Every structure is written in structure tokens, then in C-alpha cells.
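Architecture at a glance
For reference, the chains in residue letters:
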Amino acid sequence: NRHREAIAEYDRAIRLAPRGEPRLGAYYLNRSYAWWALGERSSALNDAREAQRLGAEVETAYLRLIGG
């Protein structure tokens, strides 16, 4: 239940990730989950889409849930 702290940590990880970092999609997806837990649907959807773009596997049910 420390979603804001998690978002701050994922922000930092995303910012510091070297080019081509294979975990970058997972960082975005996990930050999406934290945004969703805080009721920030738009931010959750944006991060989920970025995670997909980066190759992370985002479950269809989650995308539907957040409006994607």
C-alpha cells in the first residue's frame, strides 16, 4: 500500500535505465499497476501501452479493466 513510493522508485528506474534495458517494459507495467491502485486510470493506461511498446506482456484483461 505504498503506491506513491513505488511510483517514485519506478520513475527513478526508468530515468536511469540505460538504452536497451530489457526490464524497462516491466518498470512501466509495474508503475501502471501502482497508478491503477491510486485510481489514476489515464496514467495507468499510458504506462501499460508504453510497456507493451517496449515488449512487456500486458494481459488483455488488465488492458480492458483500465480502459485500453
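For every chain, the first residue of the written sequence is number 1, and numbering continues from 1 along that sequence. Local features are withheld for residues below a pLDDT of 70 in this predicted model, meaning they are given only at 70 or higher, and side-chain atom pairs are given and counted only at 80 or more; totals for whole chains, interfaces and linings count all residues. With hydrogens and water set aside, each side-chain value is computed from the structure's full complement of heavy atoms.

Here we come to the packing of aromatic side chains. Ring pairs are drawn from Phe, Tyr and Trp, using the six-membered ring of Trp, whenever the two centres fall within 6.5 Å, and their geometry is named by plane angle: stacked under 30 degrees, edge-to-face over 60, tilted for the rest. Taken as a whole and judged by the stated rule, the model has 2 aromatic pairs. With a centroid separation of 6.3 Å and 40° between ring planes, the pair formed by Tyr10 and Tyr27 is classed as tilted. Here Tyr10, found in helix 1 (residues 3-16), pairs with Tyr27, found in helix 2 (residues 24-37); they are 17 residues apart in sequence, far enough to count as distant. Partly exposed residues are those whose accessible area sits between 20% and 50% of the maximum for their type, while under 20% is buried and over 50% is exposed, using a 1.4 Å probe and protein chains only. Residue classification places Tyr10 among the partly exposed positions, given a relative accessible area of 23%. Relative to Tyr62, the ring of Tyr33 has its centre 4.8 Å away and its plane inclined at 70°; by these criteria the two rings are edge-to-face. Of the two residues, Tyr33 is situated in helix 2 and Tyr62 in helix 4 (residues 60-66); the sequence distance between them amounts to 29 residues. The helix count covers DSSP runs of H or I at least four residues long, the strand count covers runs of E at least two residues long, and both are numbered beginning at the N terminus.

Attention now moves to the nonpolar core. Joining through side-chain atoms within 4.5 Å is the link that ties buried Ala, Val, Leu, Ile, Met, Phe, Trp, Tyr and Cys residues into a set, and such a set is a nonpolar core. Ala48, Ala51, Val58, Tyr62, Leu63 and Ile66 are the most contacted members of the largest nonpolar core, which totals 17 residues. Put simply, the parts of the chain that give this core at least two residues each are helix 1, helix 2, helix 3 (41-53) and helix 4. The element best represented in this core is helix 2, accounting for 6 residues. Ala51 has contacts with Gly25, Tyr28, Leu29, Ala56 and Val58, leaving out every residue within four places of it along the chain. Residue contacts follow a heavy-atom distance rule, with two residues in contact if any of their heavy atoms lie within 4.5 Å.

Keep in mind these values describe shape, not function.
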